[in-house]
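Reading the structure
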Amino acid sequence: MIKLVTLDLWDTLIIDKKDNERERDLKRTDFIVKTLNLSDEYRGKITDHFNELDKSLKYPSEENEWTITPQAQLQHLFTAINAYPSDEQFLSILKFYTECDLDNPPVLIENDINICLEKLKENYKLVLISNTGRTPGRVLREILKELKILNYFDMLIFSDEVKMRKPEPKIFLTACEAFHVLPEETMHVGDSMLIDFNGALSAKVNPVLYLPNGNSIATPFIRSLFELKDSMGKYYDKD
Ligand SMILES: [Mg+2]
């Protein structure tokens, strides 16, 4: 019997409007160049860093552990471009870099997601498990509060705070242990085959792939979070 449902955040509950992140990266680049008084030729190198970061966030590995926290991302960037900010400059860049989302925030991926979460909460503990990128858990909490979905969660696990990330099994097991629930009694929903579906499987947690647009590449999958309860009954919660 399923007792705990864990949910991915990005592209499962919230989504960026088109080009949001690109616009934020341009603003981040401007801020870094201005703060460190760098010449314009550094802009290309900073863009390279963002491209490398995006790729690494999609494929987490031991080699790219520098992507886990925004602090480490910036240190990686400054080493790559041979820039040496003072502590004060570093903190000011870090603040801008991590809080950019607040000006141009992501939106809920489906309308009435709150109704869906409310229904799930009647029967299950709900835990958010999110791999964070440039925007840390501290800022994502504010965004979730603004979107009025923060309070549905019994626990929030952000990779930059726990210093581990999906698809590592231990991040899923952290949620199970917190509620004294077995992995077999847990279901994880997310949009990434590698990070969510296979990650959950590696922890023996029951996966559901969230695919609002794409073609099915695994079973079970859902096209809307409103299908979750049916899917759960069909595949995992037959009792
Ligand atoms: Mg996702």
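Residues numbered from 1 in each chain as written. Predicted model: local features only at pLDDT ≥ 70, side-chain atom pairs only at ≥ 80, totals over all residues. Heavy atoms only, no water.

1. A look at the coordination of the magnesium ion
So the rule is basically this: Keep in mind that water is not among the atoms, so a site may look incomplete; donors are the N, O and S atoms within 2.8 Å of the metal, or 3.2 Å for Na, K and Ca. Per-residue accessibility, obtained with a 1.4 Å probe over protein chains only, is compared with the maximum for each type, and a residue is labelled buried under 20%, exposed over 50%, and partly exposed between these values.
At this site the magnesium ion is bound by D8 (OD), W10 (O) and D191 (OD), with donor distances of 2.1 to 2.2 Å. Taken in chain order, the donor set of the magnesium ion reads D-x1-W-x180-D. The class for D8 is buried, based on a relative accessible area of 6%.

2. Comments concerning the nonpolar core
Across soluble globular proteins, nonpolar side chains have a tendency to be buried as a group. The criterion, for reference: The definition of a nonpolar core used throughout is a set of buried Ala, Val, Leu, Ile, Met, Phe, Trp, Tyr and Cys residues joined through side-chain atoms within 4.5 Å. Secondary structure elements follow DSSP: runs of H or I of four or more residues count as helices, runs of E of two or more count as strands, with numbering from the N terminus. The criterion used for residue contact is that any of the two residues' heavy atoms lie within 4.5 Å.
Ranked by internal contacts, the top residues of the largest apolar core, which has 33 residues, are V5, L7, L13, M187, V189, L225 and L228. Only strand 1 (4-7), helix 5 (113-123), strand 4 (125-130), helix 6 (137-146), strand 5 (155-158), strand 6 (186-190), strand 7 (206-210) and helix 10 (228-235) provide two or more residues apiece to this core. V5 has contacts with Y124, K125, L126, V127, M187, V189, L228 and M232, leaving out every residue within four places of it along the chain. In terms of nonpolar packing, the next biggest core, distinct from the first, is built from 19 residues, L38, L74, L77 and I93 among them.

3. What to know about the packing of aromatic side chains
We apply this condition: Here a pair means two rings of Phe, Tyr or Trp (six-membered ring of Trp) with centres within 6.5 Å. Their orientation is stacked below 30 degrees between planes, edge-to-face above 60, and tilted elsewhere. Comment: the charge-over-ring label is applied if NZ (Lys) or CZ (Arg) is within 6 Å of the ring centre and within 35 degrees of the ring normal.
Taken as a whole and assessed by the stated rule, the structure comprises four aromatic pairs. Measuring from centroid to centroid gives 5.9 Å for F78 and F90, while their planes differ by 70 degrees, and the two rings are edge-to-face. Residue F78 is located in helix 3 (residues 70-81), and its partner F90 is located in helix 4 (residues 87-99); the two are separated by 12 residues in the primary sequence. For the pair F78 and F90, a shared accessibility class is recorded, and that class is buried. The ring of Y97 carries R28 above its face, with NZ or CZ at 5.2 Å from the centroid. Between K45 and the ring centre of Y42, over which it is positioned, the NZ or CZ distance is 4.7 Å.

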